[in-house]
Structure formats: C-alpha cells, structure tokens
Amino acid sequence: MPERIQIIEENRNGIYIMRIGNAVLLDPKMADEMTSILTQSFDSGALKVIVNISNVTRMSSLFFRSFIIAGKKAKEKKAVMAFCNVSPTIRAGFDMMGLGSYFKIYPEESHALENI
Amino acid sequence: MTLSAYKINFYFCRALYSFSVAGILSHEYLREKVFDNFKGNVENMSKCIIEKKVLPADIEEMSNLSDLALKKLDIPETARQELMMALDEAITNIVLHGYSGKKGNVKIIIDRVNDCVTVELIDSGVKFDPTRYPELDVNVPIEERKAGGMGVELVRKFTDETRYYHRDGANHFILIKKTGGENA
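These numbers come from a predicted model, not from an experiment.

Visitor: I'd like a description of the overall build of chain B, backed by residues and values.
Guide: Scanning chain B from N- to C-terminus turns up five helices and six strands. Starting at the N terminus and walking to the C terminus, you meet the elements of chain B as β-α-α-β-α-α-β-β-α-β-β. Residues counted as buried form 45% of the 184 residues belonging to chain B. If you take every contact in chain B between residues at least 6 apart in sequence, the share linking residues at least 24 apart comes to 68%. A total accessible area of about 9,600 Å² is found for chain B, and carbon and sulfur atoms account for 49% of it.

Below, the structure written as structure tokens:
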C-alpha cells in the first residue's frame, strides 16, 4: 500500500520550500493530496514556493497535472512556483509536456532560493 | 502482501538460435543446461511475467515489480528510467480508465532480446487503442489545455515504438524501447 505524500515544509524569509520525501509518485490519492497542499499554500498567501523533488525517481502524469493546477493557482494569486533537484528523466517529462518553460526549474535548492 | 502472493514467472535464458527454441524449454533446463553449454556464444534473451488483480492503490506495487524486473534483466539505467516513466503511465491508464478504478487483472510481459526491450500490457478493461489517441499539442498554453492526454504522450515520447491490438476481449499494448549500447 502506498504511503501518504511526505512533504517537509520550511519557510525561509517568505520563501516556502517543500521537500518531497517520496521516491515514487504514482498513487492517484497522493496526487490529489499534492494538488491540495500546493494550492492551499497559495490560498494561504505564499508568494514564492520551491518544490524540491531530489528524492523523487519516478513520477506519473497525475503529478504533472497536479503541478499544472497549482501553477494556475499561483498565477491567479500572482505568486511563483519553481522546482529544483529534478532528475534528468523527470526533467525530460517536464519538457515533453511543454512545462519546462512554464515553470522555473533550478538545478539546486540554493540556486532556486537565490533566483526565484 | 508478499511477493509470493503474485503470479510471477521470472526466468532468464540464453539460447543459441531463436526465441522460439528457448521458449519451449523449461526454466531449469535453460538455466542448468543451455546457459552452461552455450554461454559466451549466444543471443541474450530474458523474460519476466507479472500478473495481478489491481486497484488504484496497487499501481505503485505493480510499478515497483516492473522496475525490479528491468533491473534483474540488466536494462541500462537511462533506458530503464525512461521505460518506467512510460510503463507507469500505461499501468495507471489501465487501472484508472480501463477498469474505472475497480479491481481488474493486469498482466505485464517484459522481454529483452539483445538491445531491445518489449513490454506488453494485457488487460480486459474498456477497449482502448492508445496508438490512435490524438497527439498532445504542447504549444497550446497551459491555461487553455484540456485535462488528460499527457500520459499517452509520455508513453510515446519515452519509447521508440508502441503497438496495440485487441484480441479475445483483451487490450494488448506493447511498448518497445531500444536499450542501445549503454552499460548497466
């Protein structure tokens, strides 16, 4: 049975960092949970959110969909959502879906913190 | 749930001439006789079959078993990761759309012959030919995109070829990936 989504959140000078602990993101319920967590953060007033997916090795389109929904919410709230530590295969997935230019994707969390 | 709860046939073989020759030989014979007799002078062939009645909560387990199989079959790292991205989409699609989230049988046959891997997914859900699904237009702005279609597109992009046929009430979706000369 899949675990729940594991996210460690940190607020660093107004920038919310969400570090995802799961290695595999495939479960539909987890995708819904991810959507909810991200959209709620923007509803709660977060203006800059960095999603660190360094632990994630596999991810399905359900989660790309989740990121798109959250991205739209961010835009609506005039906020920004970025990603960092994305594996080459998942990065390829972002690019194939045309999301590589929609979201800022940084190689490391430190780069994301400096540039978001 | 333990692995023994699954119907898993896992066997490795090396045969001198062709798959059809190897296919009729028993697991033990292949391992103990053919492998020993012909090693170093043969085509590489390996095959794994995973079958389970799945619910949405089982997608991850099916995926993990498939990944384990690809590792056991020594599929090179990059090819394995890309194939898993495609396979995960195909499994998810069957479970969520083919069976509408209800329990249904999914059989995955992973076959490696030399530098090519084929993964055949067989299900008895709603008839669906992913190869005829319209291509996703990634130039359409995100805000204007309709939901859906990303999974099939990822399958296409992460494989070299896909095939489909429907026989005896079952969907057969085949993913083909060249593994190239990359080391595992």
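Visitor: Mind laying out the pairing of strand β6 (residues 80-84) of chain A, listing which residues take part and the relevant values?
Guide: All names here are of chain A. Along β6, four of the five residues are buried, which leaves the element largely enclosed by surrounding structure. Here strand β4 (residues 48-52) pairs with β6 via five bridges, running parallel. Across the sheet, Lys48 pairs through a bridge with Val80, a residue of β6. Of the strand pairs in this sheet, β6 and strand β7 (residues 104-106) are connected by three bridges, and their pairing is parallel. Bridging across to β7, Ala82 finds its partner in Lys104. The handedness of the β6 to β7 crossover, carried by helix α3 (residues 88-96), is right-handed.

Visitor: Residues and numbers for the interface of chain B and chain A, please.
Guide: Contacts between chain B and chain A engage 28 residues on the former and 26 residues on the latter. Counting the surface lost from both chain B and chain A, the interface buries some 2,300 Å², and carbon and sulfur atoms represent 66% of this. In terms of surface lost to chain A, no three residues of chain B exceed Glu60, Ile142 and Met150 of chain B, which account for 26% of the buried area on that side. At the junction of chain B with chain A, the criterion picks out three salt bridges. With a shortest N-O distance of 3.2 Å, Arg58 of chain A and Asp88 of chain B are connected by a salt bridge.

Visitor: Can you break down the nonpolar core residue by residue, with the values?
Guide: In this structure, Phe94 of chain A together with Leu121 of chain B are the most contacted members of the largest nonpolar core, which totals 71 residues. Of the residues forming this core, the biggest block, ten residues, is contributed by helix α4 (residues 77-98) of chain B. Excluding its chain neighbours within four sequence positions, the residues that come into contact with Leu121 of chain B are Leu87, Ala90, Ile91, Ile94, Lys107, Ile108, Asn171, His172, Phe173 and Leu175 of chain B. Counting nine residues, the second-largest nonpolar core is a separate cluster that includes Ile15, Tyr106, Ala112 and Ile116 of chain A.

Visitor: Tell me what's going on with the packing of aromatic side chains, and back it up with residues and numbers.
Guide: All names here are of chain A. For the coordinates displayed, the defined rule picks out eight aromatic pairs over all chains. Ring centres of Phe83 and Phe103 lie 5.1 Å apart, and the angle between their planes is 80 degrees; on these two criteria the pair is classed as edge-to-face. Here Phe83 is found in strand β6, whereas its partner Phe103 is found in the loop between α3 and β7, with 20 residues between them in sequence. Each member of the pair, Phe83 as well as Phe103, is classed as buried. Joined through ring pairs, the aromatic side chains of Phe64, Phe67, Phe83, Phe94, Tyr102 and Phe103 make up one cluster.

Visitor: An account of the packing of helix α1 (residues 28-43) of chain A against helix α2 (residues 61-76) of chain A is needed here, citing residue identities and associated values.
Guide: Residues and elements named next belong to chain A. Running from N to C, α1 and α2 point in directions that differ by 15 degrees, and their axes come no closer than 9 Å. Between α1 and α2, the angle falls in the class roughly parallel. Handedness of the α1/α2 crossing: right-handed. Packed against α1, whose contacting residues are Pro28, Met30, Ala31, Met34, Thr35, Leu38, Thr39, Phe42 and Asp43, the element α2 presents Leu62, Phe63, Ser66, Phe67, Ile69, Ala70, Lys73 and Ala74 at the interface.

Visitor: Now, about the sheet that holds β6 of chain A: what can you tell me, with residues and values included?
Guide: All names here are of chain A. In space, the five strands of this open sheet follow the order β1-β2-β4-β6-β7, with mixed pairing throughout. The open sheet has two free edges, formed respectively by β1 (7-12) and β7, since each of these has just one partner strand. For this sheet the average axis-to-axis angle between neighbouring strands, irrespective of direction, equals 25 degrees. Where β1 lies against strand β2 (residues 15-20), six bridges are found, and the strand directions are antiparallel. In the strand pairing of β2, Arg12 is matched with Ile15.

Visitor: Tell me about the pattern of salt bridges, residues and numbers included.
Guide: Following the criterion strictly, the structure yields 18 salt bridges over all chains and no others. For Glu10 of chain A, the salt bridge goes to Arg12 of chain A, with nearest N and O atoms at 3.0 Å. Classification of Arg12 of chain A by relative accessible area gives partly exposed; the value is 35%. Put simply, Glu143 of chain B and Lys75 of chain A hold a salt bridge, and the shortest N to O gap is 3.4 Å. A residue pair is termed interchain when its members come from two chains, as with Glu143 of chain B in the loop between β4 (116-123) and α5 (150-157) and Lys75 of chain A in helix α2. Judged by its relative accessible area of 37%, Glu143 of chain B falls in the partly exposed class. Overlapping salt bridges, with partners in common, bring together Arg58 of chain A together with Asp67, Lys71, Glu77, Arg80 and Asp88 of chain B in one network.

Here is what the cut-offs are and how they apply
- Residues numbered from 1 in each chain as written.
- Chains lettered and ligands numbered in written order.
- Predicted model: local features only at pLDDT ≥ 70, side-chain atom pairs only at ≥ 80, totals over all residues.
- Heavy atoms only, no water.
- Helix = DSSP H or I, 4+ residues; strand = E, 2+ residues; numbered from the N terminus.
- Buried < 20%, exposed > 50% of the residue type's maximum accessible area, 1.4 Å probe, protein only.
- Contact = heavy atoms within 4.5 Å.
- Areas by Shrake-Rupley, 256 points an atom, 1.4 Å probe, with all protein chains shown as cover.
- Pairing = 2+ DSSP bridges.
- Right-handed = clockwise from strand over helix to strand, strands pointing away.
- Buried area = accessible area lost by both parts, 1.4 Å probe.
- Salt bridge = Lys/Arg side-chain N within 4 Å of Asp/Glu carboxyl O.
- Core = buried A, V, L, I, M, F, W, Y, C linked by side-chain atoms within 4.5 Å.
- Phe/Tyr/Trp six-rings, centres within 6.5 Å; stacked < 30°, edge-to-face > 60°.
- Axes fitted to C-alpha atoms, helices over the stretch in contact; angles between N-to-C directions.
- Parallel < 35°, antiparallel > 145°, perpendicular 65-115°, else oblique.
- Left-handed = near helix turned anticlockwise from the far one by under 90°.

Limitation: the analysis is restricted to geometry and does not speak to function.
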